[in-house]
There are 2 protein chains.
Amino acid sequence: MFKETLRQVVESTEGAIAGLLMGFDGIAVESYTRDEATDAKDINEIGMEFSVIVGSIRRAAETLEAGGAREVSIQAEHLVTLIRVLNDDYFLALTMRPDGNPGKGRFVLRTTAPKLIAELS
Amino acid sequence: MFKETLRQVVESTEGAIAGLLMGFDGIAVESYTRDEATDAKDINEIGMEFSVIVGSIRRAAETLEAGGAREVSIQAEHLVTLIRVLNDDYFLALTMRPDGNPGKGRFVLRTTAPKLIAELS
């Protein structure tokens, strides 16, 4: 069921390449990649890097009393990644090409989050 | 001159609290806070945390061949921080309240970046 939800997230966002549901321990629950040529290992590798980054952002935000981190977006030259923190244990990431639609992606992540949170608990 | 540039960045963005020009070594070049009540130490502390985070994001992006990281945005419960990577050594950060205008903030950071890059080199 996670796979189908991730598929919908990726397919409904223009330019999206991959979706990932992952624990802050760096272990992927499920992933979906649009392009069959994309190596499944790649998306997990990306996720593991991001689990460390988002973990440190969460700790920093708490230390600074900025409140819980909710969203992180990282725009690099060739890839844009949007991250939505679901709860203390899991986050949802969506990676897209720079010419994709990040506004739509953020909207889809935000509206999908409650469903995933319910399924994860 | 950096102070005046940071002042313009902060004052022209609705809801913005502070602007920071910092090296990836965590040493601030200059900062500007709108609210006099905000402790100057706070913005430097925020910047030091973010220099570590953005540094790890840059390394991850390079490892993953996502290209150079250009922009990072972190939305927490009480604060939104936008970060623009200027070059290999420096970044520009703008912190705002959640009801601020991040779109305007990103625009201002993007248009201000070339000026700061020129002044830093």
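Since we're looking at a predicted model, the values are computed, not measured. Positions within a chain are numbered from 1, following the residues in the order the chain's sequence is written. To read the labels, note that chains go from A and ligands from 1, taken in the order they are written. Per-residue local features are limited, in this predicted model, to residues with pLDDT of at least 70; the limit for side-chain atom pairs, both in listing and counting, is 80 or more; totals at the level of whole chains, interfaces and linings are taken over all residues. Hydrogens are left out, water is left out, and the side-chain values use all remaining heavy atoms of the structure.

### Considerations on the overall build of chain A
Then step 1. When you go through chain A residue by residue, the secondary structure sums to 3 helices and 5 strands.
Then step 2. Helices and strands appear in chain A in the N-to-C order α-β-β-α-β-β-β-α.
Then step 3. Burial classes follow relative accessibility: with a 1.4 Å probe on protein chains only, a residue under 20% of its type's maximum area counts as buried, one over 50% as exposed, and anything between as partly exposed. Within chain A, the proportion of its 121 residues that are buried is 53%.
Then step 4. Across chain A, contacts joining residues at least 24 apart in sequence account for 55% of those joining residues at least 6 apart.
Then step 5. Of the roughly 5,700 Å² that chain A leaves accessible, carbon and sulfur atoms contribute 50%. Put simply, DSSP H or I for four residues or longer makes a helix, DSSP E for two residues or longer makes a strand, and each gets a number counted from the N terminus. Whether two residues touch is decided by their heavy atoms; if any such pair falls within 4.5 Å, the residues are in contact. Computed with a 1.4 Å probe, the accessible areas rest on the Shrake-Rupley method; for each residue, only the protein chains presented here act as cover.

### Some remarks on helix α1 (residues 2–11) of chain A
All names here are of chain A.
Then step 1. Along α1, the residues classified as buried are F2, T5, L6, V9 and V10. Buried residues of α1 fall within an arc of 135 degrees about the axis and therefore sit on the same side.
Then step 2. Tucked inside the fold, the buried residues of α1 contact β1 (16–23), β2 (28–33), β5 (90–96) and α3 (102–120). The arc in question is traced by the directions running from the helix axis to the C-beta atoms.

### What to know about the pairing of strand β1 (residues 16–23) of chain B
Residues and elements named next belong to chain B.
Then step 1. Burial within β1 is extensive, with 8 of its 8 residues counted as buried.
Then step 2. Of the strand pairs in this sheet, β1 and strand β2 (residues 28–33) are connected by 5 bridges, and their pairing is antiparallel. Residue L20 lies in a different strand from β2, and its bridge partner there is S31.
Then step 3. Linking two consecutive strands that pair antiparallel, namely β1 and β2, is a turn of 4 residues; a positive phi of about 85 degrees is found at G26 within it. A strand pair is defined by DSSP finding two or more bridges across the two strands.

### Quick word on the side chain of A:T13
All names here are of chain A.
Then step 1. With respect to the element layout, T13 can be found in the loop between α1 and β1.
Then step 2. For T13, a relative accessible area of 0% corresponds to the buried category.
Then step 3. Whenever two N or O atoms come within 3.5 Å, that pair is a polar contact, provided that in protein one can donate a hydrogen and the other can accept it, and provided that, for residues adjacent in sequence, both atoms are side-chain atoms. Only 3.0 Å separates the side chain of T13 from the backbone oxygen of V9, close enough to count as a polar contact.
Then step 4. When neighbours within four sequence positions are excluded, T13 is seen to be in contact with R34, L94, M96, N101, K104, G105 and V108.

### Some details on the sheet that holds β1(B)
Then step 1. Strands sit in the order β2(A)-β1(A)-β5(A)-β4(A)-β3(A)-β3(B)-β4(B)-β5(B)-β1(B)-β2(B) across an open sheet of 10 strands; the sheet is antiparallel. Looking at strand neighbours, the two that pair on one side only are β2 of chain A together with β2 of chain B, the edges of this open sheet. The sheet shows a mean angle of 10 degrees between the axes of neighbouring strands, taken without regard to direction.
Then step 2. Taken together, the 7 bridges between β1(A) and β5(A) define a ladder with antiparallel strand orientation. Across the sheet, A:G19 pairs through a bridge with A:L94, a residue of β5(A).
Then step 3. Lying on the sheet, α1(A) is in contact with β1, β2 and β5 of chain A; it crosses β2(A) at an angle near 40 degrees.
Then step 4. Under this scheme, a helix contributes an axis fitted over its contacting stretch, all axes are lines through C-alpha atoms, and angles between N-to-C directions fall in the 0 to 180 degree range. The strands that helix α1 (residues 2–11) of chain B touches are β1, β2 and β5 (90–96) of chain B; relative to β2(B), the one it contacts most, it runs at about 40 degrees.

### Let's talk about the packing of aromatic side chains
All names here are of chain A.
Then step 1. Only Phe, Tyr and Trp rings take part, Trp by its six-membered ring, and two of them pair if their centres are within 6.5 Å. Stacked means planes under 30 degrees apart, edge-to-face means over 60, and tilted covers everything else. Per the counting criterion, the structure on display carries 2 aromatic pairs over all chains.
Then step 2. Note on F24 and F91: the rings are 5.2 Å apart at their centroids and 40 degrees apart in plane angle, and the pair reads as tilted. Here F24 is found in the loop between β1 and β2, whereas its partner F91 is found in strand β5, with 67 residues between them in sequence. Taken as a pair, F24 and F91 share a single burial class, namely buried.

### What about the pattern of salt bridges?
Then step 1. A carboxyl oxygen of Asp or Glu within 4 Å of a side-chain nitrogen of Lys or Arg is what we treat as a salt bridge. Under the defined criterion, the tally for this structure stands at 14 salt bridges over all chains.
Then step 2. Put simply, B:E11 and B:R34 hold a salt bridge, and the shortest N to O gap is 3.4 Å. Taken as a pair, B:E11 in helix α1 and B:R34 in the loop between β2 and α2 (40–63) lie far apart in primary sequence, 23 residues in all.
Then step 3. With relative accessibility at 36%, the residue B:E11 sits in the partly exposed group.
Then step 4. Judged by relative accessible area, which is 29%, B:R34 ranks as partly exposed.
Then step 5. Through salt bridges with shared partners, a single ionic network connects A:E71, A:R84, A:R106 and A:R110.

### As for the side chain of B:T5
Residue and element names in this part refer to chain B.
Then step 1. Summarising the element assignment, T5 is placed in helix α1.
Then step 2. Among the polar contacts listed, one links the side chain of T5 to the side chain of K115, at a separation of 3.5 Å.
Then step 3. Contact partners of T5, with chain neighbours within four places excluded, come to T112, K115, L116 and E119.

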